[in-house]
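# Survey of secondary and tertiary structure
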Amino acid sequence: MKNLLLVALTVAFTFGATLAQGEGAADETRMTLRGELVRLINHDRAKFGLRPVQLDAQASAIADAYCRAQIRNGTTGHFTTDGEAPYMRYSFGGGNDGVSENAAAWSANYGFNDRALYDMMRRSEAAMMAELPPHDGHRRTILDPAATHVGIGLAWERGELRMTQEFIRRYIAWTRPLPRRVSSAQPILCSGSAAKGYDTEAITVHHEPLPQPMAAVTANRIQSYSLPESRREYLPRLKGTFTRRVGGGVEEVTEQYSDGRRGDFQVAPDGHFAFAIPLPDGPGVYTVVVWVRRHGSSADAFPASNVSIRVDAARPIAISGTR
């Protein structure tokens with residue numbers, strides 16, 4: 001109890017000091033809150049033997065903008081009135097990695113002081129960790145064993161607080177990143193490599209219609225999100241042929257997957273992959289997911305990217321001339 005009290009008093013003192021500094025007080029308070037929430041998250045992860053996550057500045061900035069938009073639009077949860085899913089929002093903001101989002105919202109008829117902000121943040125984390133299966137999505141996101149970083153989004157104004165946790169899986173080094181918006185359905189080239197100790201197992205490309213604006217009341221009814229079921233799967237190209245003994249002789253066998261395919265993209269011996277992403281389903285949002293697995297592990301592969309590409313309808317080309 002003494003240690004807990006000391007932490008609370010230290011936080012209150014730090015907040016009080018920053019609030020007295022004028023225009024930069026809100027930003028400094030936000031930085032302090034972020035650091036405290038990351039500490040709480042890593043404390044919860046340590047209980048389950050999971051490695052700590054690092055604060056991600058880019059994901060935090062994207063999340064801050066989203067939280068401000070939610071207060072402005074009167075929305076809560078994972079969507080606001082632009083209709084963009086969390087993985088689109090992160091990707092369109094420049095993110096290249098896998099992302100999973102937790103969101104919390106608080107409303108009151110009074111403004112929040114420093115102590116109230118810390119208390120609401122702490123209580124939000126505690127409530128997420130107290131969830132029980134099968135309704136424990138927030139808890140499972142916090143305890144994602146593959147998470148490496150986290151972005152913390154925070155905004156508060158006139159009795160409204162919005163907070164998000166953007167858990168990041170950073171396992172792909174992109175040497176040719178994917179664009180975020182194109183106006184043609186021609187294949188898009190990309191290349192990269194999995195982190196040391198991991199293998200690229202597959203690439204899936206998910207397609208869905210372009211996001212549409214929605215009313216705040218509609219956005220607030222959406223309780224969860226997921227990638228669309230509509231997807232195409234692509235596998236690393238197999239090496240070629242091998243020989244095996246049959247009876248008293250040998251035969252040459254061509255490597256292939258169970259469905260008869262030889263593979264769709266090349267992975268070099270050093271782990272570098274290159275692929276032309278097809279966009280065959282017309283306009284919409286295509287989200288590219290690179291799946292990786294720890295080298296030599298029998299565990300399931302996991303998604304290491306959610307890169308969304310907005311594909312607009314191609315504009316007709318006007319041709320004019322004279323005779």
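I will try to describe carefully the structure that is included in this document. Note that the coordinates shown come from a computational prediction; the quantities given were computed from them, not determined experimentally. Residue positions are given per chain, counting from 1 as you read along its sequence in written order. Local features in this predicted model are restricted to residues whose pLDDT is 70 or higher, and side-chain atom pairs enter the listing and the counts only when it is 80 or higher, whereas totals over whole chains, interfaces and linings include all residues. Think of the side-chain values as coming from all heavy atoms in the structure, minus any hydrogens and water.

## Quick look at the overall build of the protein
Numbering of helices and strands starts at the N terminus; helices are DSSP runs of H or I of at least 4 residues and strands are runs of E of at least 2. On a plain count of helices and strands, the protein comes out with 7 helices and 16 strands. Three labels apply to residues, based on accessible area from a 1.4 Å probe with only protein chains included: buried if under 20% of the type maximum, exposed if over 50%, partly exposed otherwise in between. Within the protein, the proportion of its 323 residues that are buried is 44%. About 17600 Å² of surface is accessible on the protein, with carbon and sulfur atoms providing 54% of the total. Per-residue and other accessible areas were derived by the Shrake-Rupley procedure at a 1.4 Å probe size, with only the shown protein chains allowed to occlude residues.

## Structural notes on the sheet that holds strand S12 (residues 266–267)
Remark on secondary structure: sheet strands pair via backbone hydrogen bonds, oriented parallel or antiparallel. Here we have 4 strands laid out as an open sheet, ordered S5-S7-S13-S12, and antiparallel in their pairing. Each end of this open sheet is capped by a strand with a single partner; those strands are strand S5 (172–176) and S12. Paired strands, in this sense, are two strands between which DSSP finds at least two bridges. Pairing between strand S7 (residues 188–194) and strand S13 (residues 272–277): 6 bridges, direction antiparallel. Looking at the pairing, Leu189 lines up with Ala276 of S13.

## Examining the nonpolar core
Counting 27 residues, the largest nonpolar core has Ile172, Trp174, Leu178, Ile203, Ile277 and Val292 as the members making the most contacts within it. Per-element tally for this core: the top contributor is strand S14 (residues 284–294), with 4 residues. Note on definitions: a residue-residue contact is assigned when non-hydrogen atoms from the two residues lie within 4.5 Å. Contacts of Val292, omitting those with residues within four sequence positions, involve Tyr171, Ile172, Ala194, Tyr198, Asp199, Thr200, Glu201, Ala301, Phe302 and Ala304. By nonpolar core is meant a set of buried Ala, Val, Leu, Ile, Met, Phe, Trp, Tyr and Cys residues that side-chain atoms within 4.5 Å join together. Among the nonpolar cores identified, the runner-up in size contains 25 residues, and Leu117, Met121, Met128 and Leu161 belong to it.

## Considerations on the pattern of salt bridges
The term salt bridge refers to a pairing of a side-chain nitrogen on Lys or Arg with a carboxyl oxygen on Asp or Glu at a separation within 4 Å. By the definition in use, this model includes 21 salt bridges. Residue Arg140 is joined to Asp136 by a salt bridge in which the shortest nitrogen-to-oxygen separation is 2.9 Å. Its relative accessible area of 6% is what places Asp136 among the buried residues. Overlapping salt bridges bring together Asp27, Arg30, Arg34 and Asp64 as one network.

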